[in-house]
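If you want the building blocks of each chain, they are given just below.
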Amino acid sequence: MMTRQELEGHWNQVKGSLREKWADLKGDDLDAAYGDMEQLIGIVQEKTGKTRSEIENFVEDIIAEGSAQADSATDKVRHYASEVRNQAEQYTHDASEYAKNQYANASHAVQDGYENVQGVVRKNPLESIAVTFGAGLIAGVIIGLTSSRRG
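I will try to describe carefully the structure that is included in this document. These numbers were taken from a predicted model, which means no experiment stands behind them. The written sequence of each chain sets the order in which its residues are numbered from 1. Thresholds applied to this predicted model are a pLDDT of at least 70 for local features of residues and 80 or more for the giving and counting of side-chain atom pairs; totals over whole chains, interfaces and linings are not thresholded and use all residues. Computation of side-chain values covers all heavy atoms of the structure but excludes hydrogens and water.

**Side note on the overall build of the protein chain**
Consideration 1: A count of helices and strands for the protein chain gives six helices and zero strands.
Consideration 2: Here a helix means four or more residues in a row that DSSP labels H or I, a strand means two or more in a row labelled E, and each is numbered from the N terminus. Put simply, the protein chain runs from its N terminus to its C terminus through helices and strands in the order α-α-α-α-α-α.
Consideration 3: The C-alpha atoms of the protein chain give 41 Å as radius of gyration, which overshoots the globular expectation for 151 residues (15 Å, by more than 25%).
Consideration 4: For the protein chain, the spread of C-alpha atoms along the principal axes amounts to about 115 × 40 × 25 Å. Only C-alpha atoms enter the radius of gyration, while the globule expectation follows 2.2 Å times N to the 0.38, with N the number of residues.

As structure tokens, this is what we get:
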């Protein structure tokens, strides 16, 4: 025998299937028996003349079918959730690898630039000192002029 919770949980499906099987049943008649198997059986017997066991078996089959469908849906949701999790993990891994590669490329570019500057300074030490001195002098003048106007 099924529980009240099972009947209530599958009520719309039970009600629809009963009305489909026995057209004499009205929605209002069935609504009066919501969650109460004894009352439901009484109403269906009164309207259809079917036996108690026929009605019980029919309702139990409906609930079993609904439970199987719910279990199947739950399994599908779990499967899709697992696929989404796996895909998210793959995207995270790919993004991490991309970031590592970008960092390595940037690091190599900085290293290459540093080596180029060293090469230029070694080839032209006097010019390098003059350019650095000139850039420092210009920066100093600009800073001095800006600070004297503020004060």
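**Examining the environment of Leu40**
Consideration 1: Mapped onto the elements, Leu40 comes out in helix H4 (residues 37-48).
Consideration 2: Separated by 85 residues in the primary sequence, Leu40 and Pro125 place their C-alpha atoms 102 Å from one another.

**Observations regarding the packing of aromatic side chains**
What characterises a pair of aromatic rings is the spacing of the ring centres plus the angle enclosed by the ring planes.
Consideration 1: Here the aromatic set is Phe, Tyr and Trp, taking the six-membered ring for Trp, and pairing holds for ring centres within 6.5 Å; pairs whose planes are under 30 degrees apart are stacked, those over 60 apart are edge-to-face, and all others are tilted. Applying the stated criterion to the full structure yields two aromatic pairs.
Consideration 2: Here the aromatic rings of Trp11 and Tyr34 are separated by 5.4 Å at their centres, their planes lie at 80 degrees, and the arrangement is edge-to-face. Residue Trp11 is found in helix H2 (residues 11-21), and its partner Tyr34 is found in the loop between helix H3 (27-31) and H4; the two are separated by 23 residues along the sequence.

**Description of the pattern of salt bridges**
Consideration 1: Only one rule defines a salt bridge in this text: a Lys or Arg side-chain nitrogen within 4 Å of an Asp or Glu carboxyl oxygen. Here the structure, examined in full by the defined rule, presents six salt bridges.
Consideration 2: Here Glu38 ties to Arg52 by a salt bridge, and the two come within 2.6 Å at their closest N and O atoms. Here Arg52 lies in helix H5 (residues 52-123) and Glu38 lies in helix H4, a separation of 14 residues in the sequence.
Consideration 3: Here Glu38 falls in the partly exposed class, since its relative accessible area comes to 44%.
Consideration 4: When accessible area is computed with a 1.4 Å probe and restricted to protein chains, residues below 20% of their type maximum are described as buried, those above 50% as exposed, and intermediate ones as partly exposed. Judged by relative accessible area, which is 32%, Arg52 ranks as partly exposed.
Consideration 5: When salt bridges with common partners are traced through the structure, they connect Glu38, Arg52 and Glu56 into a single cluster.

**Looking at H2**
Consideration 1: Taken together, the buried positions of H2 are occupied by Trp11, Val14, Lys15 and Leu18. Taken around the axis of H2, the buried residues stretch over an arc of 95 degrees, which confines them to a single face. Away from the buried face of H2 by more than 90 degrees, exposed residues Asn12 and Glu20 are located.
Consideration 2: Summarising the contacts, the buried residues of H2 are in contact with helix H1 (4-9), H3, H4 and H5. Comment: arc refers to directions from the helix axis out to C-beta atoms. By definition, residues are in contact when any of their heavy atoms lie within 4.5 Å.

**Here we look at a nonpolar patch on the surface**
Consideration 1: Patch building starts from residues that exceed 30% relative accessible area and form no salt bridge, then joins like charges within 9 Å and nonpolar side chains (Val, Leu, Ile, Met, Phe, Trp, Tyr) within 5 Å. Only the protein chains shown count as cover for residues, with accessible areas throughout obtained via the Shrake-Rupley method and a probe of 1.4 Å. On the surface, a cluster of nonpolar side chains totalling about 410 Å² of accessible area is made up of Phe133, Leu137, Val141 and Leu145.
Consideration 2: When its relative accessible area of 46% is taken as the criterion, Leu145 is described as partly exposed.

**Remarks on the packing of H4 against H5**
Consideration 1: Lines are fitted to the C-alpha atoms to define the axes, a helix being fitted only along its stretch in contact, and any angle between axes, read from their N-to-C directions, falls within 0 to 180 degrees. Here H4 crosses H5 at 120 degrees, and the two axes come no closer than 10 Å. One finds that H4 runs oblique with respect to H5. Crossing of H4 over H5 shows right-handed handedness. Mapping the contact onto sequence places Met37, Glu38, Leu40, Ile41, Val44 and Gln45 in H4 and Arg52, Ile55, Glu56 and Val59 in H5.
Consideration 2: Residue polarity is assigned by list, with Asp, Glu, Lys and Arg as charged and Ala, Val, Leu, Ile, Met, Phe, Trp, Tyr, Cys and Pro as nonpolar; anything else, Gly included, falls into the polar class. In the contact of H4 with H5, the residues fall into six nonpolar, one polar and three charged. Here roughly perpendicular refers to angles of 65 to 115 degrees, roughly parallel to angles under 35, roughly antiparallel to angles over 145, and oblique to all remaining angles. Definitions for this section: a left-handed crossing has its near helix turned counterclockwise from the far helix by less than a right angle. A right-handed crossing has that turn clockwise.

It is worth stressing that arrangement in space is one thing and function is another; only the former is reported here.
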